[in-house]
Amino acid sequence: MPRKKSTRTRIAGKRKTSRRKSKAKNKFGMFYVNGHVQILNVAVALLIFGILSVQILGWAGRVGKQNNQGAQTSQISDATKRKFITTILPVAQKQQKQYKVLTSITLAQAALESDWGQSQLAAQYHNLFGVKSSTASAKALTTKEYVNGQWITVTANFAVYDSWTESIEAHTRLFVQGTAWDSQHYQSVLNASNYQEAAQALQTKGYATDPDYAAKLISLIQTYKLNKYDNLSEINTNK
């Protein structure tokens with residue numbers, strides 16, 4: 001009799017174990033329930049993963065672009081930058097004296113847009129400010145523009161000048177004469193009492209597509225103390 005009782009105990013134990021295994025199979029997760037793949041859940045997870053991947057790649061691309069631009073700028077020596085400022089300073093101050101375009105603004109725009117005179121457009125065609133043109137002498141080159149919240153590369157025709165002086169004079173005429181649709185379009189730039197106001201006026205009037213254009217100009221002016229040249233007694237010195 002004890003042996004039979006022992007046998008029933010062992011059998012009962014096996015049944016309990018079997019029920020535990022059965023319950024374990026009935027447990028479910030997000031992607032797998034009772035031996036079946038949950039296609040909808042998998043699709044949603046893949047969609048979320050895809051969206052996150054695009055956002056991460058976009059962020060990485062922006063950071064990489066910013067780092068690349070910083071690396072290119074940092075490769076230009078201080079001596080080259082000083083020489084660039086010294087070269088265009090006299091004509092920039094002449095434009096300020098005649099037309100009230102602040103020297104610091106002219107210098108900062110020229111440095112930013114021509115990569116301190118090192119860009120192909122500035123070095124070969126003397127175009128310091130990326131001025132576009134529809135004339136027969138214009139040169140087709142690629143450039144980056146900020147459109148619909150992102151930077152894109154486009155091909156455009158750019159004006160060709162005989163010298164940097166000619167480029168700066170044309171740049172001043174734009175501010176003085178305005179645009180084809182508004183002769184007073186850049187009057188707020190000429191009326192600015194300091195470089196911060198002038199830079200913000202350029203941003204407001206849509207001079208450039210870059211949403212950080214004013215901030216970049218102000219940073220350049222402050223870093224290289226270009227506003228000291230707005231005092232016209234500071235002629236062709238770069239201390």
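The paragraphs below set out a description of the structure included in this document. Note that this is a predicted model, so its numbers are computed, not measured.

Digging into the packing of helix α3 (residues 78-99) against helix α4 (residues 103-114)
Any two packed helices are characterised by the angle at which their axes cross and by the distance between the axes.
Next, step 1: For the pair α3 and α4, the least separation of the axes is 8 Å and the interaxial angle reads 135°. On the basis of their axis angle, the class for α3 and α4 is oblique. Considering the relative orientation of α3 and α4, their crossing is right-handed. Residue-level inspection shows F84, I85, I88, L89, A92, Q93 and Q96 of α3 in contact with α4, the latter providing T103, T106, L107, A110, A111 and S114.
Next, step 2: Residue composition of the contact of α3 with α4, grouped by class: eight nonpolar, five polar and no charged.

So, the packing of aromatic side chains
Next, step 1: Taken as a whole, this structure holds seven aromatic pairs when the rule is applied.
Next, step 2: Aromatic pair W116 and Y224: ring centres 5.0 Å apart, planes at 70°, arrangement edge-to-face. Remark: Y224 occurs in the segment after α9 (213-223) and W116 occurs in the loop between α4 and α5 (120-125); sequence separation between them is 108 residues.
Next, step 3: With relative accessibility at 3%, the residue W116 sits in the buried group.
Next, step 4: Using a relative accessible area of 26% as the deciding quantity, one classes Y224 as partly exposed.

What about the side chain of D230?
Next, step 1: If you trace the backbone, D230 turns up in the segment after α9.
Next, step 2: Summary of buried charges: D230 has no salt-bridge partner, and the nearest side chain of opposite charge, K228, is 12 Å away.
Next, step 3: Apart from the residues within four sequence positions on either side, D230 is in contact with Q96, L102, T103 and S104.

Thoughts on the packing of α4 against α9
Next, step 1: Running from N to C, α4 and α9 point in directions that differ by 110°, and their axes come no closer than 9 Å. What the angle tells us is that α4 and α9 run roughly perpendicular. Here α4 contributes S104, I105, A108, Q109, A111, L112 and E113 to the contact with α9, which in turn contributes Y213, K216, L217, L220 and I221.
Next, step 2: Considered class by class, the residues forming the contact of α4 with α9 number eight nonpolar, two polar and two charged.

Observations concerning helix α6 (residues 164-177)
Next, step 1: With 14 residues, α6 extends 20 Å between its outermost C-alpha atoms, agreeing within 8% with the 20 Å of an ideal straight helix rising 1.5 Å per residue.
Next, step 2: Listing the buried residues of α6 in full gives S167, I168, A170, H171, T172 and F175.
Next, step 3: Buried residues in α6 make contact with α3, α4, α7 (187-191) and α8 (195-204).
Next, step 4: A positive phi of about 80° marks G178, the residue just after α6.

The rules behind the values
Residues numbered from 1 in each chain as written. Predicted model: local features only at pLDDT ≥ 70, side-chain atom pairs only at ≥ 80, totals over all residues. Heavy atoms only, no water. Axes fitted to C-alpha atoms, helices over the stretch in contact; angles between N-to-C directions. Helix = DSSP H or I, 4+ residues; strand = E, 2+ residues; numbered from the N terminus. Parallel < 35°, antiparallel > 145°, perpendicular 65-115°, else oblique. Left-handed = near helix turned anticlockwise from the far one by under 90°. Contact = heavy atoms within 4.5 Å. Nonpolar A, V, L, I, M, F, W, Y, C, P; charged D, E, K, R; others polar. Phe/Tyr/Trp six-rings, centres within 6.5 Å; stacked < 30°, edge-to-face > 60°. Buried < 20%, exposed > 50% of the residue type's maximum accessible area, 1.4 Å probe, protein only. Lys, Arg positive; Asp, Glu negative; His and termini not counted. Salt bridge = Lys/Arg side-chain N within 4 Å of Asp/Glu carboxyl O. Expected span 1.5 Å × (residues − 1).

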